[in-house]
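# Residue-level structural notes
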Amino acid sequence: MTDNFKESALRYHAEPTPGKLCIQPTTPLSNKRDLSRAYSPGVAYACEAIVEDVNEAARMTARGNLVGVISNGTAVLGLGNIGPLASKPVMEGKAVLFKKFANIDVFDIEVAENDVDKLVDIVCALEPTFGGINLEDIKAPECFIVEAKCRERMNIPVFHDDQHGTAIVAAAAVYNGLRVVEKSIEDIKCVVSGSGAAAIACVDLLVSMGLQKEHVTLIDRTGVIYSGRGEGMNPWKERYARDTTDRTLDDAIDGADLFMGLSSPGVLTPEMVAKMAPKPLILAMANPTPEIMPELAKEVRPDAILATGRSDYPNQVNNVLCFPFIFRGALDCGATTINEEMKQAAVKAIADLAMKQATDVVAEAYAGEDLTFGPEYLIPKPFDPRLIEEVPVAVVQAAMDSGVATRPIADLDAYRAKLHEFVNAAGLFMQPMIEAAKQGPKRRLVYAEGENDDVLMAMQAIVDEGVAKPILIARNEIVQASMERLGLRFNLGEDVSVFDPRDCDHHDQYWQHYHDKVGRKGITVEAAQAEMRQNPTALAATMVSMGEAHGMICGKVNRFETHFRQINQVLGSNGHAASVCALLLPSGPLFLADAFLNVDPDAEELVAITEASIDFVKQFGVEPKVALLSHSNFGSSSSGSARKMRDAAAMLRDKHPEVQVDGEMHSYTAMNEELRQRIFPGANLSGSANLLIMPNLDAANIALGLIRSLTDALLVGPFLTGMNKPAHIVIPSVSARGIFNMSALTAAHVERYCEDNVCLP
């Protein structure tokens, strides 16, 4: 590594706050009443509840979502026995991976104890604190003993990730590799270089899945582990000692179908690889330099399938594919252990996921890589958001089936949806719209920027989910080339149509219809013809106006107001066009209007904006709680801006007495019921407002930007209201997932439009 990288890594750990994690409260602690509930005397009630029922600990405390990452620092990464204090950065790193990938909280505990029995006593004494224990970087063979004794004594999952995490991900790669080469695990010959904790665990798991012990040859520094060998043996190696005349890796590799390396760089030579069976699987997992570099293996055996522990080669065997998700499932069902059934379920879930189409999130994170299942894509990427859905569900099912779940989950579909919500907050929130789009007739949606990668990536999800019949304004040859590059599998002409704007030269009806709409606005015939060829937004709007498409989406390229002007010229509005956005926060969705269109709406326009926004919020099954925001707080200012918000709120209360709506008020007052009750107890609003109506475009746009940047809130929208036909404009930063969400919104909008209007099939 370069000195620059070293300095960058050191700054990463030291700035802006030392270390990589901290503890934050999950409940308010801002006054005396909060203090009395959080600590004495209110905390006593929670203690008594646990005394009466120990399962209440998972509900009353953080224990049900808390893992202890525990190490004595005797085998840290590639650094060896550096001791517990120096191991702390690694353990903190493990903690943030748990949080990032599975929303699991962690206390990292570095223990200055090398005596096995004393270390076991320390770990076991911590059982009341944790829902699970992740043992980390403890050297072999002590790690076997520590884990076995802790599992025997403790009634919570104990998992040595160096062993089982590696084993599960490696087994998933083997499982899929055998699918590719069409071999059976029962028939293959396996050679393993290495006999430490990870190697033994890998073999144990594969044997539990069908690998025959007599087909396994284990090799350590001394050589082949054979029956009767005395040097360097221990009970774990002894289990795989067998009668053989092989004494070296070169002897054993002859005819092997699978090589697994968890040992040293360069121990597997090209000459050895040449002697392996046809279509060999090679998992060279030594880090940072594998047992053989993939390019060397490929020179002598082009038919070989390679996996390593490195991120710069295909098929990285990375523990992060496993440990956060197997713990997520184990914690959620209150598993007392992580057994073989749960490990095998994790293997198959990880392996099966690689066979599914990669999402846009993964494609963006690994741009330029081929993410289509095959020899160079055997296992998912670490940033595949579907891991949190697939693996925990499989683990929970296995835990329940094997009888180790103390809190069985009755509705696994609801559990999956909850997991999905963590990965992609838009998922569960958007589900009503997605279902509405799927259940109705498949409506034709036209996409103005049909050659854009994000738009094309969204098409796969739209086709898979059955949300709409997409029409891309694009050149067919460009789309086909991009599909191949992106690994997309929808069928052009069947699943997705392409309309080439160059064809407008042969179809006069487009420019004629467009000219009918805009001819009195200074657009000549020649200009109309040129617009249909060169302006995809105008063409998309024309197709919607003519009934050739039911709705349209544009905006990935160019400015919002430019797109709106072009759409409005063709489709028109009811005079009160506006936009509303949904911001998905951990506390729930927050809606905001109008951040894109109306510069300085008056009271009547604010009423129209709010009414349209209320309808939008209701479509998600959310009860609108509306706050009209201002610098004024319930009459504290008489400025024109304050008065219009006050007047609009009064009009809305008169017109919609069934809706919670009030204003004008400060944003903090809108979000804090306790403060609001002190200032104005009679407010027509309870709890926290979820629909914020801004006084002008500046305030709305600034607020939207601040909320997104300060909270990492996921944006759904903007959604255009008041248009004569369904048409929506995304923002340039939108992802493929955002385009999919907007497509579901638009398709649902079409269904509502068609209920009130005549729509062509």
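Residue indices begin from 1 for each chain and proceed along its sequence in written order. At least 70 in pLDDT is required for a residue's local features to be given in this predicted model, at least 80 for side-chain atom pairs to be given and counted, and no such filter applies to totals for whole chains, interfaces and linings, which use all residues. For side-chain calculations, the full set of non-hydrogen atoms in the structure is used, while hydrogens and water are omitted.

## Comments concerning the pattern of salt bridges
Here, a salt bridge means any side-chain nitrogen of Lys or Arg that lies within 4 Å of a carboxyl oxygen of Asp or Glu. Per the stated rule, a full pass over the model turns up 35 salt bridges. The shortest N-O distance in the salt bridge between Glu664 and Arg646 comes to 3.2 Å. Of this pair, Glu664 sits in strand β17 (residues 660–665) while Arg646 sits in helix α27 (residues 640–655); the two residues are 18 residues apart in sequence, bridging distant segments of the chain. Under the relative-accessibility criterion, Glu664 is labelled buried at 1%. Categorising residues by exposure relies on relative accessible area from a 1.4 Å probe, with only protein chains included: less than 20% of the type maximum marks a residue as buried, more than 50% marks it as exposed, and the intermediate range marks it as partly exposed. Residue Arg646 is classed as partly exposed on the basis of its relative accessible area, which comes to 27%. Three or more residues are tied together by salt bridges with common partners; here these are Lys88, Asp108 and Glu110. We count a stretch as a helix when DSSP gives it H or I for four or more residues in a row; a strand needs E for two or more, and each element gets its number in order from the N terminus.

## A short note on the packing of aromatic side chains
Only Phe, Tyr and Trp rings take part, Trp by its six-membered ring, and two of them pair if their centres are within 6.5 Å. Stacked means planes under 30 degrees apart, edge-to-face means over 60, and tilted covers everything else. Counted under the stated rule, the structure contains 13 aromatic pairs. Taken together, a centroid distance of 5.5 Å and an interplanar angle of 75° make the contact between Phe98 and Phe327 edge-to-face. Highlighted residues: Phe98 in helix α5 (residues 83–102) and Phe327 in helix α14 (residues 323–332), separated in sequence by 229 residues. Grouping residues by exposure puts Phe98 and Phe327 together as buried. A centroid spacing of 5.1 Å and a plane angle of 80° characterise the contact between Phe616 and Phe620, whose relative ring orientation is edge-to-face. Since its relative accessible area comes to 1%, Phe616 is described here as buried. Joined through ring pairs, the aromatic side chains of Phe98, Phe159, Phe323 and Phe327 make up one cluster.

## Some remarks on the sheet that holds strand β18 (residues 691–693)
A pair of strands counts as paired when DSSP detects no fewer than two bridges linking them. Here we have six strands laid out as an open sheet, ordered β17-β16-β18-β15-β14-β19, and mixed in their pairing. Strand pairing shows two members of the sheet lacking a second neighbour, β17 and β19 (714–723), which therefore form its edges. Each neighbouring strand pair of the sheet contributes to a mean axis angle of 20°, computed without reference to strand direction. Bridge count between strand β16 (residues 625–629) and β17: five bridges; the pairing is parallel. Across the sheet, residue Leu628 finds its bridge partner in β17, namely Gly663. Sheet contacts for helix α25 (residues 560–571): β14 (573–585) and β19; angle to β19, the most-contacted strand, approximately 30°. Between N-to-C directions, angles cover 0 to 180 degrees, with each direction set by a line fitted to C-alpha atoms, over the stretch in contact for helices. Contacts are assigned to residue pairs with any non-hydrogen atoms lying within 4.5 Å of each other.

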